[in-house]
Amino acid sequence: MIIQDIEGIPDFESTEFHPKKTKYCVCIPIINEGERIAKELQRAKACQIDLLCDIIICDGGSTDGCTEESKLIQGGVNTLLVKRDIGKQSAQLRMGFWWALQRGYEGIVTIDGNNKDSIEDIPNFLNKLDEGYDFVQGSRFVPGGRAVHTPFVRLVSVRTIHAPIISLTAGQTFTDTTNAFRAHSRKYLQHPEVQPFRDIFQTYELLAYLSVRASQLNLRACEIPVTREYPPKGKTPTKISFFKGNSNLMKILLKNAMGKYAPQN
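Residues numbered from 1 in each chain as written. Predicted model: local features only at pLDDT ≥ 70, side-chain atom pairs only at ≥ 80, totals over all residues. Heavy atoms only, no water.

(A) Fine view of the nonpolar core. Among the nonpolar cores identified, the biggest contains 41 residues, and F12, I56 and L210 are the most heavily contacted of them. Mapped onto this core, the elements with two or more residues apiece are β3 (24-30), β4 (54-59), α4 (89-103), α6 (152-170), α7 (186-189), α8 (205-216) and α9 (244-257). Leave out the neighbours within four places in its chain, and I56 touches C25, V26, C27, I28, N78, T79, L81, W99, R103 and Y105. Residues I28, I37, L41 and L72 belong to the second largest nonpolar core, which totals 31 residues. (Core = buried A, V, L, I, M, F, W, Y, C linked by side-chain atoms within 4.5 Å. Buried < 20%, exposed > 50% of the residue type's maximum accessible area, 1.4 Å probe, protein only. Helix = DSSP H or I, 4+ residues; strand = E, 2+ residues; numbered from the N terminus. Contact = heavy atoms within 4.5 Å.)

Structure follows, in structure tokens:
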């Protein structure tokens, strides 16, 4: 099915392998993740994540064969969404969030598709949603969390720059604010003072914005421990370039701190 010409939603194509089966879903944004997403799905299936929450792949237009339907079905994927429009991760998330809300899910977990995160911990996010939390941030830096082979520059920038700015903006302490392993309640995403379905969110703006908006609106937010493991050697799996990418992240952080992404009523 092709979805297009909806304000605030990128044009995309949906392929449903199965009907809605669960209360919650997990949206996994990917772009050319190759064997990384295949391994991540294998791990998810091994601990029956696909039985606890429907797995939705939010593809940005991969060309490496990682979204081959037979592979996804074997990996327990419920639905494939393919963006046919401009934008990067924030656009993929808007696509996934909109589709999931339209389908009736009560909450949405997000996790990167590069096999760095402990997808086995998804049940802990679902438990927090059941407890009534609206935003649940995964953190490798809280007790019980594990940061494995984290690049030194990445570690320092998160701990000394990104997390303090996000925490100050939110009015609540968060420790692992670049981590996209999170959960969001339906109530949060549909709150009239959140409005995530806007074209202003194209790259990483939505991640920064949703990190702070729940706390600003006095919704329930918390952190839970997760593991984030980088390869011990070789190229770091990331879509953020060292100079331009990190410079853009700083601009997003500052705009977020100044309230530029909040709805302008």
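There is more to say after this.
(B) Structural context of the sheet that holds strand β2 (residues 12-16). Here we have nine strands laid out as an open sheet, ordered β1-β2-β5-β4-β3-β6-β9-β7-β10, and mixed in their pairing. Every other strand in the sheet has two partners, leaving β1 (2-3) and β10 (221-225) as the edge strands with one partner each. In this structure, strand β6 (residues 107-110) lies alongside strand β9 (residues 182-185), joined through four bridges in antiparallel fashion. Within β9, the residue paired with I108 across the bridge is H184. The sheet contacts of α8 involve β7 (135-139), β9 and β10, and relative to β7 the element is tilted by about 125°. (Pairing = 2+ DSSP bridges. Axes fitted to C-alpha atoms, helices over the stretch in contact; angles between N-to-C directions.)

(C) The pairing of β4, seen in detail. Counting buried positions over the six residues of β4 gives six, a clear majority of the element. Burial of the side chains of β4 extends over both faces: D54, I56 and C58 are buried on one face and I55, I57 and D59 on the other. Both β4 and strand β5 (residues 77-83) contribute to a ladder of five bridges, which runs parallel. Bridging from a neighbouring strand, I56 pairs with T79 of β5. The β-α-β motif built from β4, the intervening helix α3 (residues 69-74) and the parallel element β5 has right-handed crossover chirality. (Right-handed = clockwise from strand over helix to strand, strands pointing away.)

(D) Local environment of the pattern of salt bridges. Summed over the entire model, instances satisfying the criterion amount to 11 salt bridges. Across the pair R36 and E33 runs a salt bridge, and its minimum N-O distance is 2.8 Å. The exposure class assigned to R36 is partly exposed, which follows from its relative accessible area of 34%. Overall, the relative accessible area of 5% leaves E33 in the buried class. One salt bridge connects R94 with D199, and the closest N-O pair in it is separated by 3.2 Å. Of this pair, R94 sits in helix α4 while D199 sits in the loop between α7 and α8, placing them 105 residues apart in sequence. The buried category is assigned to R94, whose relative accessible area is 1%. According to the relative accessible area criterion, D199 is exposed, its value standing at 51%. Each of the salt bridges in this network shares a partner with another, and the network as a whole consists of D112, D117 and R228. (Salt bridge = Lys/Arg side-chain N within 4 Å of Asp/Glu carboxyl O.)

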